[in-house]
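An overview of the molecular structure
Residue-level listing of the chains:
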Amino acid sequence: MKDYSESDKKIILKDYRGLLRASKKFRTTPEDTAYIRKAFNYAAEAHMTMRRKSGEPYITHPIAVARICTEEIGLGATSIACALLHDTVEDTDVTLEDIELIFGRREKRIIDGLTKISGAFDLSTSDQAENFRKMILTLPDDVRVIFIKLADRLHNMRTLGSMRPDKQRKIASETLFLYAPLAHRLGLNAVKTELEDLSLKYTEPEAYNEIAIKLRKSQEIRARFISQFISPLKKELDKTGLKYSIKGRPKSIYSIYNKIKKKKVTFEEIYDLFAVRIILDSKQENEKTDAWRVYSVVTDFYRPNPDRLRDWITNPRSNGYESLHTTVMSPTGKWVEIQIRSERMDEIAEKGMAAHWKYKDSKKKIESKFDNWINKIRDLVENKETDTLDFIDDFKLNLYAEEMYIFTPKGELRTLPKNATALDFAFDIHGDIGKKCIGAKVNHKLVPLNHILSSGDQVEIITSNKQKPKEAWLDFVVTSKARSNVKQSLKEEVKQVAEQGKESLKRKLKSLKVDYNDKNISELLKLYDFKNPLDLNFQIANGKIDLSKIKSIVVKGGILKYEKESVLTSLFRRKQKEAKKLDQGEIISSFGGKSSEAIILGDDSLKQVDYKIAKCCSPIPGDNVFGFLTINEGIKIHRTNCPNAVQLMSHYAYRVLKAKWKSQTLKEFSVGVEFTGIDGMGILNSLTNLVTGSLNINIKSLNIGSEAGFFNGNLNALVHDTKHLDDLMKEMKKIEGIKTVERVY
Ligand code: MN
């Protein structure tokens, strides 16, 4: 510390004292404090000359990460020390050997894990995936690596404001894509919610701000509603003599945003959606009984929805979550979710597994469930045949799945995600049973493989030795274990077929006096436009390849040479090279040699390159957009809020190009608008009058269907830009009878 300037010292020591205060209960001996101090001094010295983008001394970042670890995740001295050291090996001269020498083997292992995974997402596609896989591999060894990594990411998200906008979007996309689900699975609810909200703030700033402002404005109404709702309950609960507190919490900005988008509702329709939480100060041996006593008081006052009772106390979720949930009807006609739990359960719900380890002696059951989950992930990771990108998708599937409980014929309980089928259950028992599964008996009744199970079903699997995995199975299995098993079997089959293709190819080359070697094969891949020999050989075996074309690329001496490389392929290659060279975490913005140049859209005279408008989101001038370099179809322009954008940006960052609209009013773009309302005379008439008359917009098609007094219509029109579209939608809303108007693409 001695070499820092006085003003820096002041900032750093203030942060450090904050960390010590926050970690008080984990520092039980003077040795703990000395150990943390040692890590702090060591890291402060290593990062001496570095500053953050915001201008603060760099060491403030590791201190903040350490504080999140202890205060918000509930981790102890080792994690605090490792969080303080987490960037030393990667960003300074410190080596892993230094760490081992000065701190020990345990610290070295954790820092090693952190350093290895910190490169995740920064390079090309496969590296991202591979790094993520490595990250998961560290799970069973030391889950603290993941916790510290999440704390690191959370602090980076909290301070993302000082980064460049393109970098903000990329980091935010990754966070939404992987870190938030991971936090969810580890039961770190508070961390997950904050990561999601912060991601939204940078990927969809307008939507985020709008919801945030509306939430603030409606706070008072919500508070009034909650106090009215709970006042009769309080009286009765006080009579029971239980110690409790009641909290009412609005939904997170991200979850409101998602509801608005997915359920097509307005903020005003859902702003008062919240959960009322009754938290009991009970002894652990009484907490279940006490929770049910509260349930009984609540349902004496308010009518419960029988379909919405969830007893996570008897059967905790695999991330450790325990709580008793019910949804009741309020006097104002709104459903309100009630969560009943003890203080211990509440801490687990917010801070997750680490908080639970403090109580671990009493809850062996949860631990074994968590182990179970880790083992399932392990299975997946160790399945080397799985394509890494598939792996990530499958893994995400696992992260978000809701759970149900299925019994074996012998009464053993197994956990499966919601919508799992009989076939998923078969794979869950054993890979070989899944592969040979031909059907099942659910509660003694015969059902097909794709039968969707319900919680509480008892399932017996029927197998046959003649059965083998089919491609169609992938359409209905939902667990990653089943998916990866089926994919692997199919791949093996492809390999066998491809073997035959390889033989035909060898014969053909022999007849042309061309050697079968890697160099020649790579020319053939270019000629037929395949990425790998396996796919090529497979298609040869299927008779889909015209082998006589080979003759045209034979150069003398038995060598093959394919000359023509399309402009796009070369561009693609160049971008891939650039991606490798660039700093970590950068979205490539260079184009056509000059850096930071965007593709200009909308004006054909300025068209530097060919691009197509993506069909998934059909952007129009005025929309925020980016270009994406596809393999076969050139550059596609997507909206930044396209449903596919997050995946494209985080998986294939190096193929993302900047793009912007040139202002113009000549060209027209096709948009779709969906509207609903209450049936009335003349809607169609006023609509066509409006569109073609006063707004002078060309209609491509207009459909209206009505049922029981309600109608639902689709208008496909040609507009110049988003402003033009907004005008149209505003005017449509003014028409009597029309209730909702929404852009669909
Ligand atoms: Mn860091």
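See the structure above.
Predicted model only: the values in this text are computed from it and were never measured. (Residues numbered from 1 in each chain as written. Predicted model: local features only at pLDDT ≥ 70, side-chain atom pairs only at ≥ 80, totals over all residues. Heavy atoms only, no water.)

**Re the overall build of the protein**
Per the secondary structure count, the protein includes 29 helices and 21 strands. For the protein, with 745 residues in total, the buried portion stands at 49%. For the protein, the accessible surface area stands at approximately 36,900 Å², while carbon and sulfur atoms represent 50% of it. (Helix = DSSP H or I, 4+ residues; strand = E, 2+ residues; numbered from the N terminus. Buried < 20%, exposed > 50% of the residue type's maximum accessible area, 1.4 Å probe, protein only. Areas by Shrake-Rupley, 256 points an atom, 1.4 Å probe, with all protein chains shown as cover.)

**Some thoughts on the pattern of salt bridges**
According to the stated counting rule, one finds 30 salt bridges in the structure shown. Of the charged contacts in the structure, one is a salt bridge between Asp152 and Lys149, with a shortest N-O distance of 3.5 Å. Taken together, the residues Asp152 and Lys149, both in helix α9 (residues 144-158) and three residues apart, mark about one turn of the helix. Lys149 carries the same exposure label as Asp152, and that label is buried. Three or more residues are tied together by salt bridges with common partners; here these are Lys247, Arg277, Arg341, Asp346 and Glu350. (Salt bridge = Lys/Arg side-chain N within 4 Å of Asp/Glu carboxyl O.)

**Notes on the coordination of the manganese ion**
His61 (NE2), His86 (NE2), Asp87 (OD) and Asp152 (OD) make up the full set of protein donors to the manganese ion, lying at 2.3 to 2.4 Å. Donor residues for the manganese ion sit on one chain with the sequence pattern H-x24-H-D-x64-D. Placement of His61 in helix α3 (residues 60-71) and of His86 in the loop between α4 (77-85) and α5 (88-91) is noted, with a sequence separation of 25 residues between them. (Donors = N, O, S within 2.8 Å, 3.2 Å for Na, K, Ca; no water.)

**Here we look at the sheet that holds strand β20 (residues 710-719)**
One open sheet accounts for four strands, arranged β19-β20-β18-β21; its pairing is antiparallel. Edge positions in the sheet fall to β19 (698-707) and β21 (738-743), since each of these pairs with one other strand and no more. Across this sheet, the average inter-strand angle for adjacent strands is 15 degrees, counted without regard to direction. Packed on one face of the sheet, helix α29 (residues 722-734) meets β18 (669-678), β20 and β21 and runs near 165 degrees to β21. (Pairing = 2+ DSSP bridges. Axes fitted to C-alpha atoms, helices over the stretch in contact; angles between N-to-C directions. Contact = heavy atoms within 4.5 Å.)

**Focus: the packing of helix α1 (residues 6-22) against α3**
Contact geometry for α1 and α3: axes closest at 9 Å, N-to-C directions at 15 degrees. One finds that α1 runs roughly parallel with respect to α3. Seen along the crossing, α1 lies across α3 with a hand that is left-handed. Contacts between α1 and α3 involve Ile11, Ile12, Asp15, Tyr16, Gly18, Leu19 and Ala22 from the first element and Thr60, Ile63, Ala66, Arg67, Thr70 and Glu71 from the second. Of the residues assigned to the contact of α1 with α3, the class counts are seven nonpolar, three polar and three charged. (Parallel < 35°, antiparallel > 145°, perpendicular 65-115°, else oblique. Left-handed = near helix turned anticlockwise from the far one by under 90°. Nonpolar A, V, L, I, M, F, W, Y, C, P; charged D, E, K, R; others polar.)

**Description of the nonpolar core**
Judged by nonpolar contacts, the single largest core of 56 residues is most densely connected at Leu84 and Leu195. In contact with Leu195, other than residues within four places in its own chain, are Leu150, Arg153, Leu154, Met157, Thr175, Tyr179, Ala180 and Ala183. Counting 31 residues, the second-largest nonpolar core is a separate cluster that includes Ile599, Val671, Val691 and Ile738. (Core = buried A, V, L, I, M, F, W, Y, C linked by side-chain atoms within 4.5 Å.)

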